[in-house]
Amino acid sequence: MLTIKQRELLLFIHQHIKESGVSPSFDEMKDALDLASKSGIHRLITALEERGFLRRLAHRARALEVLKLPESAAVSAPPRGRSAFKPSLVGVGAPAGSAPVAYDVPILGRIAAGSPIEALQGEIGRAPASADLLAGGECFALEVHGDSMIQAGILDGDVVVLRKGETAENGDIVVALIDSEEATLKRLRRRGNSIALEAANPAYETRIFGPNRVQIQGRLVALVRRYT
């Protein structure tokens, strides 16, 4: 029998893998369960391993596999804390029989998931989008360059679709313009009066800025991935 926290963590990991294709980071698990430190997550994962619910995958950082779920598990939402990112993933060149896409959005340049580069350079192509996605507000797309967001399921060469806007919730993945000069795709964290732009790859450091140095240009709502 699982404790409440063990159950919450197991369902959060399962949902995150189902939606993004990768297991959540320890920071994401800590935030989702409202824990003060990552040591509590380590203990919960160990307990789930011992009970046969989880397995750590060898030679892969923070890679987890859910072996089974509790009986009558309802995996409709993550536990308390920041909501998990839930992108729509559109495969370009996907197998025949997939649903047709009737709309598209402009691709306005390349965005760095790594060292910042210029974005919003002008239209360089079009990306598919669904009608329900566009109904939520004006969208644009950018081609991703770099690997700093791989643990959020965003790979080099993907096209990200963003809802245009100047505000975002804590934990959202955003396009941020720094000092009106450089743009980057990162997770937004507010730390007191400062703004942290957080990578989803331990090889990259979190960058922290004063609030007047960062302008939000859009919030991530979907991915387009090309299969060859």
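Fair warning: this is a prediction, and the values are worked out from it, not measured in the lab. (Residues numbered from 1 in each chain as written. Predicted model: local features only at pLDDT ≥ 70, side-chain atom pairs only at ≥ 80, totals over all residues. Heavy atoms only, no water.)

A. Summary view of helix α3 (residues 38–50). Relative to the 18 Å expected for 13 residues at 1.5 Å per residue, α3 spans 19 Å between its end C-alpha atoms, a close match to the ideal helical length. The set of residues buried in α3 consists of Gly-40, Ile-41, Leu-44, Ile-45, Ala-47 and Leu-48. Along the axis of α3, the buried residues cluster in a sector spanning 160 degrees; they form a single face. Those residues of α3 that are exposed and aimed more than 90 degrees away from the buried face are Arg-43 and Glu-50. Summarising the contacts, the buried residues of α3 are in contact with α1 (4–20), α2 (26–32), β1 (54–56) and β2 (64–66). (Helix = DSSP H or I, 4+ residues; strand = E, 2+ residues; numbered from the N terminus. Expected span 1.5 Å × (residues − 1). Buried < 20%, exposed > 50% of the residue type's maximum accessible area, 1.4 Å probe, protein only. Arc of directions from axis to C-beta. Contact = heavy atoms within 4.5 Å.)

B. Structural detail: the pattern of salt bridges. For the structure on display, the rule yields 12 salt bridges. Where Arg-55 meets Glu-65, a salt bridge forms, and the shortest distance between an N and an O atom there is 2.4 Å. Of this pair, Arg-55 sits in strand β1 while Glu-65 sits in strand β2, placing them 10 residues apart in sequence. Judged by its relative accessible area of 42%, Arg-55 falls in the partly exposed class. (Salt bridge = Lys/Arg side-chain N within 4 Å of Asp/Glu carboxyl O.)

C. Summary view of unusual backbone geometry. Phi is positive for Asp-34, close to 60 degrees, though the residue is something other than glycine. By the secondary structure assignment, Asp-34 is in the loop between α2 and α3. On the accessibility criterion, Asp-34 (48% relative accessible area) is partly exposed.

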